[in-house]
Structures are given as C-alpha cells and as structure tokens.
Number of protein chains: 2
Amino acid sequence: MGALDGGRYNVKLKNGVKLGSEIEREEQTLAIEDAVKVLLQGLGEDVNREGLRKTPHRVAKALREGTRGYKQKVKDIVQGALFPEAGLESGVGHAGGEGGPVMVRDLDLFSYCESCLLPFQVKCHLGYVPSGRRVVGLSKLYRVADVFAKRLQAPQRLADEVCLALQHGIKPKGVVVILQCSHIHFPNIDSALHGSDQQRSVQVLVTSGSGIFDSGKPDEWGDFLCLLRNIDIKHCNGLNDKCWCPSHSSTKVGPTNSGMVTAVASIIDSLGEDPLRNELLGTPARFVKWLTNFKSSNVEMKLNGFAHTVDPVKCNGSVSHPEHRIYTELNLPFWSQCEHHLLPFHGVVHIGYYSNKGVDPMEKTLLQSVVHFHGFKLQVQERLTRQIAETVSLLLGRDIMVVVEAIHTCMMSRGIEKCGSNTATIAVLGRFLTDPAARANFLQSIPDSSTVG
Amino acid sequence: MGALDGGRYNVKLKNGVKLGSEIEREEQTLAIEDAVKVLLQGLGEDVNREGLRKTPHRVAKALREGTRGYKQKVKDIVQGALFPEAGLESGVGHAGGEGGPVMVRDLDLFSYCESCLLPFQVKCHLGYVPSGRRVVGLSKLYRVADVFAKRLQAPQRLADEVCLALQHGIKPKGVVVILQCSHIHFPNIDSALHGSDQQRSVQVLVTSGSGIFDSGKPDEWGDFLCLLRNIDIKHCNGLNDKCWCPSHSSTKVGPTNSGMVTAVASIIDSLGEDPLRNELLGTPARFVKWLTNFKSSNVEMKLNGFAHTVDPVKCNGSVSHPEHRIYTELNLPFWSQCEHHLLPFHGVVHIGYYSNKGVDPMEKTLLQSVVHFHGFKLQVQERLTRQIAETVSLLLGRDIMVVVEAIHTCMMSRGIEKCGSNTATIAVLGRFLTDPAARANFLQSIPDSSTVG
C-alpha cells in the first residue's frame, strides 16, 4: 500500500494536463461526494462543520479504493507469476511432474456487502493442486482474491468468483477456497437500548471448489481440510439461499428519506455497478436505514425518556460513608459511526467511579443508555469518551474515569488496511485526575479478555 | 495497498514522456538489479535460470518500496488530519479543553534492519495526550510510524524517530511509543546441522517518550502501560548499547567475496542511504555472510558427510512385520531463502512414513539434516517439500508424506504486506498417494500448536 493518501486517484501531471480516464475518475468522485453531502444533510448534520467538511471526499476515496476490483484483471496479476517446477533432477525424483497440494492460510481481506454497503472482514484460505509442472507465486493467490473482494459482494459469490478466477488463471488440477466472513451486526437503536441486541457480528463460513474439487470428492478435499485444523467445515453455513447480511433480519422499516436513497443509488452507479442488479435493488434503502440509526435527534429523545427515571441525588452516593471506594461497570457494548469516514466503530466502554454503594440494575441500564446516547451519532472516539464521562458525572458524582476500547472499520477498509489493531481512549474527571494510583487501580480491573477485538 | 504490482515506480505516460524523478528512479532500480545479479553469481547460481530470471527486478522493487520512507514527509501526512475537539457544549462539560490519553494498539509494521538488511517485524503501540483541543486521525499515527519504519533501522532509533515526529507533527502534551520487535534469527548452517541453533527469532521491546513523558514521570506513563495489559514494560530490553541483530552474535566469518560486499554497498547507496554511516559500515559483509548460508555447494558437502553414516538397509524397515504402521517425525525446523525475492522463509517440516519400527536418534538427526540440506539453498517451498520427500524415501522406503508449514518474509515485506499468513505444502509418495485415510491419519497427527506462526 502507498503510505500516503492520494497517490492513486489524484495524479496530476507536471504540465497540468490530465488523462482521460483521470478526468472520468474525478467526475465519479465528485458525484459520490455530492451524494454523501445529501446523506449528511439527511441526518440533520451541518456539512460545513469542521469534522465533516472533508468527510464527503474521504468517503468517496474510500469507496473508490474499496471497489477497485472492478477495474482489475486477473490476467495481469497471474501473468509472469507462474513458475515451472519440474521436480528434482531426472533420475532421482519419482513424484512425477505433478505437484502436491499448496495452501496459503489466514490471509486477511475485507470486502463490501452488496446488501448494505458496509465492509465485512474475511479470513481467507486458498489452496490448489498444481498441474503441468507450474506453481504460482504465493502472493498472487492473495492478489487474485483481492480483485474480487474489492467489489460489492456476498460471501458465496466471492468464494465462487475467486475459485473460478484461480482455476482459469493458473489452470491447476483444482482449487479450493474457504472463507470465514464476519459482518458487523446491524444495531437497532431500540433493541440496543433495551439490551436485547448485543450480538457483535454475524459469522459465515463458505467454500468453493473447482477442477478435481468441483464434483464433490471429499477424499480430495480431505488434505486441505486437515490443514485447516481449527476450522470445522461441517459448520459451513453459507450454502443456503438466505442472505447473511443482518440488514435483512431487522423487520421494522421507518419512514425512508427518498432523497437519501436516491443518493446511495447514485453512489453505486458511480462505482461502476448497476443499481438495478437484483441483489442491489434494496441496498440503498438498507444503507439509509443503517445510517438513520446514527441520526442524533432520534437518540436524544430516547435518552430523554430514560433520564426522567433518574434521581440524581440517589445516585450521587457521597453521604453515608466517608471512605468511598472505586466501583466499576465494565464491558458496556457500544456502536458508533465515525464522522470522518461514515464507517462504524464499535467496542466496549468501561466506567469507574467513587461511591459508597454499588449501582443497582436500573442504574446499569442507565449507564448503558448513556453509552448508546452518545454512541448512536456521527462521532469520534475521543469525543465519545469525554461525553460519556461528563454525562455519567451528572449521575454518579464528579470522580469519574471512562475507558473506551474500539475497533474502527476505517482502519481496516480504508487507506492503511490494518486488521487487528484497536484504539483505547481515556477520560478522567475529579479525583482520578490527580490520583495516578486510582487510575491504575481502575485500569487494572479491566479484564485481559476485554471483549474488543 | 495497490493490489497490482508496478503502480508506484513504473508510471509511463501515454505519450511516452517520462518525468525526471522517474528516470532517476529507473536508474537506481537498474543499479540495484545489477548488484543483485552479482550476489546471485557469487552464490554460484545461474542468473538466467527460470526461477531467478526476474529475481533481480523483484528484489530491486521490494527494496525500493521497503525503504520508501526516505522520500516521505511527516508534514504531508499530518497536514489536514488534525481535528479540533473542543469538548461538549459549553456549560455542560467540565473536562476542559484538554483531551484524555489516546492509544492505538497492535499495529503491524515491518522495517529493514540496518545491521543486516533483513526485514524485521514490529508490533507497534502509539499513544499521545492531545493538547490545544486537537486530536489527530487515528490512521495518521500509523502512517507516521510507517515513514520511519520504511528505512534502514534499529528498534530504539525507530521508536525515537516516530516519537519525535509525532511530537513535532501533532504538538500534543506528550507521545509514547512502544515497539515489540522481532528479528529473524540468523541461522548458522553448522550449528543448525548440529541441532544447537534452534532459536527462531530475537525479540526486543523498546519505548520512547516525549513531551510530558520525556522527563521520566512513570505516573504519567502509567495509563498507557495499564492499557497494554499483556506487555511487561519491565522487560524492556532494548535500552542497552548492544546491537540486537543476531548477525552480530555469530563470530565466525568465512572468506568474504569482496565483489558481493561491494554490490551490497552499492545497493545501500542506491536506496539513498550513506554506506559509510557508522551503523552501516559492516552491513554489506553481514548481508553477504547471511546469503552465503544459502550457497548450495556449501551444504551439499555437509550432507555428503552425514550420508556416509547411514545404512540404508537398516532404515528401510520393511522386514520383520507384515503390518506396518505410520511413524511420524514432527516439527523439524528449517530455514530457507526464497529464490524469487532473496528473502527468508522458515518454519517446520513434518514427515510421515510407514515402518515397523521407530526412528532412532541417529535417524532423527539424519532427517533433520536432510531438511537442512534442501533448506539452505535458494528455494521455493513447493520444490523443497518434494525434494525432502524424495530424499527421505531413499532412507525410509517408498511410502512417504511430507508437510512443510512456513512463514514467508516476502508476504510481509513485499507488495501485499500481509502479516499472519502462512503456507502449507504437501508431497506424497507411495501408499499415501492412493490412501486418503492414511493421509488424513498423518495430517491429524500434526498438533494444533505446530510451531509455525
């Protein structure tokens, strides 16, 4: 990857002349930017506020890069990467010219869900049995898979397309593709607030075979499956016709903003896809529905409802005992939407506070709703953390410490494409500000197995 | 990352005109290619054989991309990625304009060791405390770190340079950089053959602090260290003056091919570094020494020595019992050098065979030396696997199955830059060819905790 932004789509020649395809790319980028502005306005946001000013440009760039597979050809990748491997010197070897199975395991990929336009993660395992004494450079297996991942996809089609492309490109005896896909759960603000919707992601395992692995010879698949010691192929659950995307499972559809839906359709068009393709017909409405979860005015009303049930004095907990101790509420799940990239970030919130009593069940529900109140918006993690601290301090007194641990989809599906990283932010108020030992005390109470990542 | 090779350094304009800097880049690339040819010839290889024909070009490209940091500026990255975060609406918040600590954890990076030119892996944790109400886009922290990683480096200098650059670029209250670095062990063919040199990698933990973290206030570091729950900073072992690179610890220096050494010095020069910089003075000789481990003629003599101690009849094991069973020899370590990229790949070999007796210690040593014999060469994993199978079948009979599990440095430090993936290859001979149950039987005997990865 180029470590710097902007290398790929904004090449300006020294003399100011631009190539034709470049002009076309710029026009498409501008069209996407306009559509993103419509979406932001539909969310009631001010497109000119500092944090959002460059968001349309960032989103357009991310979507174009994330769907670069439409412009790539497998032939260009495989060409020149097939190496003859005739085996040991003649007379010594007796394995013949056929090679044994080759499998590259645990390749991290991401793709875009054709059903809701959100990125999904893929752990990819690619195997083939060489023929004609030719093996392919290992990294090319990944590159071919990436061509199809960087399109609007569904897991099974992705597996099938990668499989077919490798079969045609390498012409081996057979190809096996095994994908472990993980789609962010589609949070529903109502069920999240009522604690009935805590699932983090939807997982699906799909496989595809070609050549000698096409006609269902489990014996031949055996070697590959044995090499994936931690995957139980029996749990392959992507073969039914039901769409895996969680956007399909939530039934309630609110009033739809048709301007926003049209804008998303125009984005799909600008990416070079056909918005009228069957699988894409409902996508704009589903994406708008997802986005609408993060319309701040929506959520504020919800919290107002909750806030009425609270007696702040009762929660202050600073009366009966002079010796207060630290209480914690750990691993409160949250969902949010990064305002810089219009992509989800999600994880857990840990809250520490001084009190002479615990938090009763109602109050835990309340803390969770504070978290959702600030989460279900266009946000940045740093602000989210401080806002939670400040709101919680109204309920639980002035000595508050909040830690937010989050996975940012934008770190995986944009520019740097880093899987596996996560971000922790801290906000401290009152006594925690001046007492490092108290901070350490609280931080050490967070379990190693914190549910982020 | 661009999914296709060649985008970055070989832009050809439509009218055939090339820019000045591009011509310079091409000249430097050609100079590196010539130097790589000298190295291959020094190893006694035929630079025109199929597997090596494009190696000089691949190596040149990889080295140029892997040291792209020399041409990047931190200012360009951070510019426009600083976002004002004034906090909650006035009147509600009481955390003031200062932000709380922010830490991005578990970023995978790689860099090139200035001491031996081999890539080393970095697990990178970056923290800062915002000031002036400004936070920086999370991905920019990685991008800044990558600028300095993509140079010839040593762990402590890398940490210090990243720290300083973030301090200057973001102007926060302070920056903390914690790097867990892992350098491939420098195998020595002699000690490997005698089983005294089984270490896989050298680990080092280094830290750097600036701003409020510069003057040794452990209280302030406390928050960040608590957030890295699995790292014991007390084991920070990179602060002494001893170079971590394993190339320094091996004392024996064979006869040096001065042509090869000069070639490596010219590569360093072409990358824009000064081969006379103190830390780089011995680097060409050390790199040549590493490469020379993989000079095939060297190793063949070694194996010839071992082969004399073997009685093939004794090893055949096909006499006393009609019912043979599968014996296994698992997790035999190996080292090899990818002939396509001149980069190490390494891992473990598992051997299965039919016999009516076990392999006595001498024979295990023998199997290990067969593995090293075929490993210590310019290789590809597919060929290595088959060569081991075929050689072993001369010693242990015709029913042989070999699995090689390997990590390829080229997958991490070249084009696709994928950490965490690994490659398995299988070669089968005799009864294993026709008996899927036997193959499955053997494959299932390989423990989950196979030492690769």
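Nothing here was measured: the structure is a model prediction, and the numbers come from that model. (Residues numbered from 1 in each chain as written. Chains lettered and ligands numbered in written order. Predicted model: local features only at pLDDT ≥ 70, side-chain atom pairs only at ≥ 80, totals over all residues. Heavy atoms only, no water.)

(A) Seen up close, the overall build of chain A. The number of helices and strands found in chain A is 16 helices and twelve strands. Going through the 453 residues of chain A one by one, you find that 60% of them count as buried. Of the contacts formed within chain A by residues at least 6 apart in sequence, a portion of 75% connects residues at least 24 apart. Within the structure as shown, chain A displays about 17900 Å² of accessible surface, and the carbon and sulfur contribution to it stands at 53%. (Helix = DSSP H or I, 4+ residues; strand = E, 2+ residues; numbered from the N terminus. Buried < 20%, exposed > 50% of the residue type's maximum accessible area, 1.4 Å probe, protein only. Contact = heavy atoms within 4.5 Å. Areas by Shrake-Rupley, 256 points an atom, 1.4 Å probe, with all protein chains shown as cover.)

(B) Seen up close, the pairing of strand β3 (residues 119-129) of chain A. All names here are of chain A. Taken across its eleven residues, β3 has nine buried, putting it largely inside the fold. When strand β2 (residues 102-113) meets β3, the two strands line up antiparallel, connected through nine bridges. Looking at the pairing, Tyr112 lines up with Pro119 of β3. Direction of pairing for β3 relative to strand β6 (residues 174-184): antiparallel, over a ladder of ten bridges. Each bridged residue has a counterpart across the sheet, and for Phe120 the counterpart in β6 is His183. (Pairing = 2+ DSSP bridges.)

(C) Expanded view of the pattern of salt bridges. For the structure shown, the criterion picks out 35 salt bridges over all chains. Put simply, Asp399 of chain A and Arg398 of chain A hold a salt bridge, and the shortest N to O gap is 4.0 Å. Classification of Asp399 of chain A by relative accessible area gives buried; the value is 15%. The class of Arg398 of chain A is exposed, set by a relative accessible area of 60%. We note a salt bridge from Arg49 of chain B to Glu45 of chain B, for which the minimum N-O separation is 3.2 Å. Its relative accessible area of 24% is what places Arg49 of chain B among the partly exposed residues. Judged by its relative accessible area of 14%, Glu45 of chain B is buried. A network of salt bridges, in which partner residues are shared, links Glu114, Arg157, Glu161, Glu273, Arg277 and Glu279 of chain A. (Salt bridge = Lys/Arg side-chain N within 4 Å of Asp/Glu carboxyl O.)

(D) Fine view of unusual backbone geometry. Within the chain, Asp106 of chain B stands out as a residue other than glycine whose phi angle is a positive 65°. If you trace the backbone, Asp106 of chain B turns up in strand β2 (residues 102-113).

(E) Broad picture of the packing of helix α8 (residues 258-270) of chain A against helix α9 (residues 283-292) of chain A. All names here are of chain A. For the pair α8 and α9, the least separation of the axes is 8 Å and the interaxial angle reads 120°. Here α8 is positioned oblique relative to α9, judged by the angle of their axes. Here α8 runs over α9; the crossing is right-handed. On α9, the residues touching Met260, Val261, Val264, Ala265 and Ile268 of α8 are Thr283, Pro284, Ala285, Phe287, Val288 and Leu291. (Axes fitted to C-alpha atoms, helices over the stretch in contact; angles between N-to-C directions. Parallel < 35°, antiparallel > 145°, perpendicular 65-115°, else oblique. Left-handed = near helix turned anticlockwise from the far one by under 90°.)

(F) Representation of the domain arrangement of chain A. All names here are of chain A. Here chain A is partitioned into domain 1 (18-54 + 253-292), domain 2 (67-251) and domain 3 (296-444). Every contact between the two is made by 18 residues of domain 2 and, on the other side, 18 residues of domain 3. Between domain 2 and domain 3, roughly 1700 Å² of surface is buried when both sides are summed, and carbon and sulfur atoms account for 70% of that area. The largest per-residue losses of area from domain 2 upon contact with domain 3 belong to Ile189, Leu193 and Arg200, which jointly make up 34% of the total buried on that side. (Domains from an automatic or database assignment. Buried area = accessible area lost by both parts, 1.4 Å probe.)

(G) A look at the packing of helix α4 (residues 138-149) of chain A against helix α5 (residues 155-170) of chain A. All names here are of chain A. Contact pair α4 / α5: the axes reach a minimum separation of 9 Å and the direction vectors enclose 135°. Classed by the angle they form, the pair α4 and α5 counts as oblique. For the element pair α4 and α5, the recorded crossing hand is right-handed. Every residue of α5 that contacts α4 at Leu141, Val144, Ala145, Phe148 and Ala149 is listed here: Leu158, Glu161, Val162, Ala165, Leu166 and Ile170.

(H) Structural detail: helix α4 (residues 138-149) of chain B. Residue and element names in this part refer to chain B. With twelve residues, α4 should reach 16 Å at 1.5 Å per residue; the first-to-last C-alpha distance of 17 Å fits that figure. Of all the twelve residues making up α4, twelve are buried; the element is thus mostly covered by neighbouring parts of the structure. Along α4, the residues classified as buried are Leu138, Ser139, Lys140, Leu141, Tyr142, Arg143, Val144, Ala145, Asp146, Val147, Phe148 and Ala149. (Expected span 1.5 Å × (residues − 1).)

(I) The arrangement of the environment of Ser266 of chain B in detail. Residues and elements named next belong to chain B. Tracing the backbone shows Ser266 in helix α8 (residues 258-270). Residue Ser266 is classed as partly exposed on the basis of its relative accessible area of 29%. For the pair Ser266 and Ala31, spaced 235 residues apart in the sequence, the C-alpha separation amounts to 7.7 Å. A polar atom in the side chain of Ser266 sits 2.8 Å from the backbone oxygen of Ala263. (Polar contact = N/O pair within 3.5 Å; in protein donor to acceptor, adjacent residues only side chain to side chain.)

(J) Inspection of the packing of aromatic side chains at higher detail. Residues and elements named next belong to chain A. By the definition in use, this model includes 16 aromatic pairs over all chains. Centroid distance Phe110 to Tyr112: 5.9 Å. Interplanar angle 75°. Geometry classified as edge-to-face. For the pair Phe110 and Tyr112, a shared accessibility class is recorded, and that class is buried. Linked through ring pairs, Trp290, Phe294 and Phe376 together constitute an aromatic cluster. (Phe/Tyr/Trp six-rings, centres within 6.5 Å; stacked < 30°, edge-to-face > 60°.)

(K) View of the side chain of Glu339 of chain B. Relative to the helices and strands, Glu339 of chain B resides in the loop between β8 (325-338) and β9 (343-355). Leaving out residues up to four positions away in the same chain, Glu339 of chain B has contacts with Arg49, Gly51, Leu52, Thr55, Leu378, Gln379, Val380 and Arg383 of chain B.

(L) Expanded view of the state of the cysteines. Inspection of the entire model under this criterion finds zero disulfides over all chains. As a non-bridged cysteine, Cys113 of chain B has Cys245 of chain B as the owner of its nearest cysteine sulfur, 3.8 Å distant. (Disulfide = S-S within 2.5 Å.)

(M) The environment of Lys418 of chain B, seen in detail. On the secondary structure map, Lys418 of chain B appears in the loop between α14 (409-413) and β12 (422-429). In contact with Lys418 of chain B, not counting residues within four places along its chain, are Leu107, Asp108 and Tyr142 of chain A together with Met411 and Met412 of chain B. From its side chain, Lys418 of chain B meets the backbone oxygen of Asp108 of chain A in a polar contact 2.5 Å long.

(N) Up close: the environment of Glu65 of chain A. Residue and element names in this part refer to chain A. Locating Glu65 in the fold gives a position in helix α2 (residues 55-66). On the accessibility criterion, Glu65 (16% relative accessible area) is buried. Distance in space between the C-alpha atoms of Glu65 and Asp232 is 33 Å, their sequence separation being 167 residues.

(O) Structural view of the confidence of the model for chain A. All names here are of chain A. Per-residue pLDDT for chain A averages 81, and the proportion of residues at 70 or more is 78%. Averaged over each element, pLDDT in chain A is lowest for helix α11 (residues 312-316) (37) and highest for strand β5 (residues 152-153) (96). Counting interchain partners and residues more than four positions distant, the pLDDT-below-50 stretch residues 1-14 has 40 contacts. In this model, residues 304-322 is a region of pLDDT below 50 whose contacts with residues beyond four sequence positions or in other chains number 29 contacts. Two summary scores accompany this predicted model of the complex, namely pTM at 0.87 and ipTM at 0.85. (pLDDT = per-residue confidence, 0-100.)

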